[in-house]
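A closer look at the structure
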Amino acid sequence: MAEQRVTNRRNRNVDDAGIRLAPTPLNRGSVNVMPAVRQDYIIEPQLVVDEPSDDLKRSFSTEKDFQPKKKDISKRWKRSKRSRNLVVGIVMFIVSCLVLLPYILGAAHVFLDNFIFRYVPRQFGALNNLVEAFKATVKLGWKGEEVNAIWISMVPSLILIVGIIALVVNFIKSVMGMFGAIKPKKYMIGAIIYLFAVLAVFIMTLVGAPAVGVEKIDFVRDFIKGYKTSELFGLLIPALGYFTVACICTFIHKEKYGYLK
């Protein structure tokens, strides 16, 4: 019994200490309560489509940029396409003939010496040089140091022949464009190849390439002042003009993006 009284006395002392240390309850009427706040969020669904990287350089499309499906093609649409191809084809046919004609005349030994500038090249008459190189090679038996020297000197002409092939391809495309083609024909690649071929020969003459039989020229004296007798002038100016016309035709009759392939 004595032990139980001691225990009760200890517990009572602990409870009294807890009551003394506990905070005093606040009066509920004196507590400031924040008013309830309600905020409505409006959800608007959006569709976001990432554009492919290859379309970044393309201008904004309109309904005119899309070709109809094959089942929806009308005669009027075909007639419009063929008319544009006809106009562009005629222009490219004419300029392709004008640029190819000097090489053809050179192969036929018609040099037009009285023309206002050197329209028909002699040194850089690629077709004529190719024919003469084959004749000399056959005569020499297709081997020997002389044959090697002949074909080494043919390097500038061979470069020009690559450009001439590109011109012939454009010539064929122009004929197809004039005779019923619907899809726009691309002439830029051929024009660029021919321009690069002429520029390559032009740079060879500026720096000089004795190993392939090309002598160094003076740009001001031989090209600017002597343009009437300069074969390079007769090659470079038509090549630049051809490239310009091809750019204009491509812009006028650019290829549309859409369903028809």
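Our subject in this report is the structure included herewith. The written sequence of each chain sets the order in which its residues are numbered from 1. Thresholds applied to this predicted model are a pLDDT of at least 70 for local features of residues and 80 or more for the giving and counting of side-chain atom pairs; totals over whole chains, interfaces and linings are not thresholded and use all residues. Excluding hydrogens and water, the side-chain figures rest on all heavy atoms present in the structure.

Let's shift gears to the environment of alanine 149. Counting from the N terminus, the helices are DSSP H or I runs at least four residues long and the strands are E runs at least two residues long. Along the chain, alanine 149 falls in helix 4 (residues 145-152). Relative accessibility thresholds used throughout: buried, under 20% of the residue-type maximum; exposed, over 50%; partly exposed, between the two (1.4 Å probe, protein chains only). Taking the relative accessible area as the measure of exposure, alanine 149 reaches 45% and is therefore partly exposed. Sequence spacing of alanine 149 and valine 212 is 63 residues, and the spatial spacing of their C-alpha atoms is 8.4 Å.

Once that is clear, we can look at the packing of helix 3 (residues 126-139) against helix 4. For helices, the fitted axis covers only the stretch in contact; all axes are lines through C-alpha atoms, and the angles between them, taken along N-to-C directions, range from 0 to 180 degrees. In the contact formed by helix 3 and helix 4, the axes pass within 10 Å of each other and the chain directions differ by 175 degrees. Here helix 4 runs roughly antiparallel to helix 3, going by the angle between their axes. Taken together, the residues of helix 4 that come into contact with helix 3 (itself represented by Leu130, Ala133, Phe134, Ala136 and Thr137) are Val147, Ile150 and Trp151. Throughout this description, any angle smaller than 35 degrees is read as roughly parallel, any larger than 145 degrees as roughly antiparallel, any in the 65 to 115 degree range as roughly perpendicular, and the remainder as oblique. By definition in these notes, contact holds between two residues if any of their heavy atoms fall within 4.5 Å.

Take a nonpolar patch on the surface next. Here, patches come from residues exposed beyond 30% relative accessible area and free of salt bridges, joined within 9 Å for like charges and within 5 Å for nonpolar side chains (Val, Leu, Ile, Met, Phe, Trp, Tyr). All accessibility values rest on the Shrake-Rupley procedure with a 1.4 Å probe; residue burial counts only the protein chains present in the view. Every case where a carboxyl oxygen of Asp or Glu lies within 4 Å of a side-chain nitrogen of Lys or Arg is listed as a salt bridge. On the surface, a nonpolar cluster with roughly 320 Å² of combined accessible area is contributed by Leu86, Ile90, Ile94 and Leu98. Topologically, leucine 98 is positioned in helix 2 (residues 75-107).

Tallied over the entire structure, the rule returns one salt bridge. The salt bridge partner of glutamate 231 is arginine 118, with a shortest N-O separation of 3.8 Å. Of this pair, glutamate 231 sits in helix 8 (residues 231-252) while arginine 118 sits in the loop between helix 2 and helix 3, and the two are 113 residues apart along the sequence. On the basis of relative accessibility, which here comes to 11%, the residue glutamate 231 falls in the buried class.

A few words now on empty space enclosed by the protein. As defined here, a cavity is a set of points on a 1 Å grid over the protein atoms alone where a 1.4 Å probe fits but cannot get out. A pocket is an open set with protein on both sides within 12 Å along at least five of seven lines, and residues line them when an atom is within 4 Å of a point. Grid points are joined across faces, edges and corners, and a volume is the space filled by probe spheres set on the points. Counted according to the given criterion, the structure contains one cavity of 30 Å³ or more. Each pocket or cavity is described by its volume, and for the largest cavity that value is around 50 Å³. Lining the largest cavity, in full, are Leu98, Val99, Pro102, Tyr103, Tyr119, Pro121, Tyr194, Gly234, Leu235 and Pro238. Broken down by secondary-structure element, the contributors of at least two residues to the lining of the largest cavity are helix 2 and helix 8. For the lining of the largest cavity, the element with the highest residue contribution is helix 2, accounting for four residues. Charged means Asp, Glu, Lys or Arg here, nonpolar means Ala, Val, Leu, Ile, Met, Phe, Trp, Tyr, Cys or Pro, and polar covers whatever is left, Gly included. Here the lining of the largest cavity is built from residues that sort into nine nonpolar, one polar and no charged.

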